[in-house]
Amino acid sequence: GAVVSQHPSWVICKSGTSVKIECRSLDFQATTMFWYRQFPKQSLMLMATSNEGSKATYEQGVEKDKFLINHASLTLSTLTVTSAHPEDSSFYICSARDRGGDQPQHFGDGTRLSIL
Amino acid sequence: QKEVEQDPGPLSVPEGAIVSLNCTYSNSAFQYFMWYRQYSRKGPELLMYTYSSGNKEDGRFTAQVDKSSKYISLFIRDSQPSDSATYLCAMGGGGGADGLTFGKGTHLIIQP
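Small disclaimer: the values here were computed from a predicted structure and weren't measured. (Residues numbered from 1 in each chain as written. Chains lettered and ligands numbered in written order. Predicted model: local features only at pLDDT ≥ 70, side-chain atom pairs only at ≥ 80, totals over all residues. Heavy atoms only, no water.)

Visitor: Whenever I open this one, the layout of surface pockets confuses me. Can you help?
Guide: There is about 680 Å³ of room inside the largest pocket. Lining the largest pocket are 25 residues, with Gln38, Pro40, Lys41 and Gln42 of chain A together with Thr86 of chain B positioned closest to its centre. Where the lining of the largest pocket is concerned, the elements lending two or more residues are strand E9 (90-97) and strand E11 (111-115) of chain A together with strand E9 (85-92) of chain B. No other element matches E9 of chain B, which puts three residues into the lining of the largest pocket. Counted by class, the lining of the largest pocket contains nine nonpolar, eleven polar and five charged residues. If you add up the space inside the second largest pocket, you get close to 500 Å³. Around the second largest pocket, the lining is made up of 22 residues, and of these Ser43, Leu44 and Met45 of chain A together with Thr101 and Phe102 of chain B lie nearest the centre. Where the lining of the second largest pocket is concerned, the elements lending two or more residues are strand E5 (45-51) of chain A together with strand E1 (4-6) and strand E10 (101-102) of chain B. Class assignment for the residues of the lining of the second largest pocket results in ten nonpolar, six polar and six charged. (1 Å grid on protein atoms, 1.4 Å probe; cavity = no way out; pocket = protein on both sides within 12 Å on 5 of 7 lines; lining within 4 Å. Points joined across faces, edges and corners; volume = space filled by probe spheres on them. Helix = DSSP H or I, 4+ residues; strand = E, 2+ residues; numbered from the N terminus. Nonpolar A, V, L, I, M, F, W, Y, C, P; charged D, E, K, R; others polar.)

Visitor: Explain the nonpolar core to me, please; I cannot follow it from the model alone.
Guide: Burial of nonpolar side chains together is a common tendency in soluble globular proteins. The biggest cluster of nonpolar side chains holds 24 residues, and the ones touching the most others in it are Trp35, Phe67, Leu79, Tyr92 and Leu113 of chain A. Elements represented by at least two residues in this core include exactly strand E2 (10-13), strand E3 (19-25), strand E4 (32-38), E5, strand E7 (67-73), strand E8 (76-81), E9 and E11 of chain A. (Core = buried A, V, L, I, M, F, W, Y, C linked by side-chain atoms within 4.5 Å. Buried < 20%, exposed > 50% of the residue type's maximum accessible area, 1.4 Å probe, protein only.)

Visitor: Can you walk me through the state of the cysteines in this structure?
Guide: Defined simply, a disulfide is a covalent bond joining two cysteines at their sulfur atoms. Residue and element names in this part refer to chain A. Summed over the entire model, instances satisfying the criterion amount to two disulfides over all chains. There is a disulfide in this structure between Cys23 and Cys94, and the S-S distance comes to 2.0 Å. Disulfide Cys23-Cys94: the torsion about the S-S bond is 80°, which places it as right-handed. In this pair, Cys23 sits in strand E3 while Cys94 sits in strand E9, placing the two residues 71 residues apart along the sequence. (Disulfide = S-S within 2.5 Å.)

Visitor: Quick question: what am I supposed to make of the side chain of Gln38 of chain B here?
Guide: Within the secondary structure, Gln38 of chain B is located in strand E4 (residues 32-38). Overall, Gln38 of chain B belongs to the buried group, its relative accessible area being 8%. For Gln38 of chain B, the side chain forms a polar contact with the side chain of Gln38 of chain A, separated by 3.1 Å. Polar contacts involving the side chain of Gln38 of chain B include one to the main-chain carbonyl oxygen of Lys42 of chain B, which spans 2.8 Å. Not counting the four nearest positions on each side in its chain, Gln38 of chain B is found in contact with Gln38, Leu44, Phe91 and Ile93 of chain A together with Gly43, Pro44, Ala85, Thr86 and Leu88 of chain B. (Polar contact = N/O pair within 3.5 Å; in protein donor to acceptor, adjacent residues only side chain to side chain. Contact = heavy atoms within 4.5 Å.)

Visitor: Honestly, the sheet that holds strand E1 (residues 4-7) of chain A in this entry has me stumped. Any pointers?
Guide: Paired through backbone hydrogen bonds, the strands of a sheet run either parallel or antiparallel to each other. All names here are of chain A. Strands sit in the order E1-E3-E8-E7 across an open sheet of four strands; the sheet is antiparallel. Both edges of this open sheet fall to E1 and E7, since each of them pairs with a single strand only. For this sheet the average axis-to-axis angle between neighbouring strands, irrespective of direction, equals 15°. Where E3 and E8 come together, six bridges link them in antiparallel fashion. Within the sheet, the bridge partner assigned to Cys23 lies in E8 and is Ser77. (Pairing = 2+ DSSP bridges. Axes fitted to C-alpha atoms, helices over the stretch in contact; angles between N-to-C directions.)

Visitor: Can you walk me through the pattern of salt bridges in this structure?
Guide: One side chain can pair with another of opposite charge once the charged atoms of both are near each other. Applying the stated criterion across every chain yields a total of seven salt bridges over all chains. Note that Glu22 of chain A and Arg24 of chain A form a salt bridge whose closest N and O atoms lie 3.4 Å from each other. Exposure remark for Arg24 of chain A: the relative accessible area of 35% places this residue in the partly exposed category. Through salt bridges that share partners, Arg37, Glu45, Arg60 and Asp83 of chain B make up one connected network. (Salt bridge = Lys/Arg side-chain N within 4 Å of Asp/Glu carboxyl O.)

Visitor: Before we go on, may I ask you to explain the packing of aromatic side chains in this structure?
Guide: Aromatic rings in a pair are described by how distant their centres are and how their planes are angled relative to each other. Applying the stated criterion across every chain, the model contains ten aromatic pairs over all chains. For the ring pair Phe67 of chain A and Tyr92 of chain A, a centre distance of 6.3 Å and an interplane angle of 40° mean the geometry is tilted. With Phe67 of chain A in strand E7 and Tyr92 of chain A in strand E9, this pair connects stretches of sequence that are 25 residues apart. Judged by relative accessible area, which is 4%, Phe67 of chain A ranks as buried. Summarising the aromatic geometry, the rings of Tyr25 of chain B and Phe33 of chain B are spaced 5.3 Å apart at their centres and angled 45° between planes, so their arrangement reads as tilted. You'll find Tyr25 of chain B and Phe33 of chain B in the same group, each marked buried. (Phe/Tyr/Trp six-rings, centres within 6.5 Å; stacked < 30°, edge-to-face > 60°.)

Treat this as a map of the structure, not an account of what it does.
Shown next as structure tokens:
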């Protein structure tokens, strides 16, 4: 149980392109999903918290107009990197918590984004 | 000072050895603690989570939390080559509603 699916796993695109990443909880409902970014040899850094049916909460220093988050259902959150530039190249990982009680976060397999 | 400190390693031990991994933290608001295993180019896989000081055991893994010292540990018994991976400690507060703060990860190598 507690499977989180992330798609796509790898994206290469030109500078200026917008890229959408999907995060799905496959066997549980997640009122809260989280988006992290991981640079090489660095720890995961929280970007934003996504709550179903409401606006996302962004961490300090993360541009909400650049990283658009939509959490339209209890099993799907999307992250859109708008007008991506080479410095946005990174490993983006989502996580989800099962609702009810103190549940840990389960992670997807990440999306490797390379902007040329 | 970073909120969570974790030695990045690499830590290399022979197969069958007991492995000890640890993290220290500075934020007293952290109330729950996790250990994740991450293979290259994959997302973190949950190994252990706990909300209280003390020990929690699951198979070959034991998680230890000392809130008074702000120190957590993960012990792996009878280590196997397949345990070779990066181990991340993570912690959070707010009853689980908050995002996690991660350590940098320790790269573990189990030598056959």
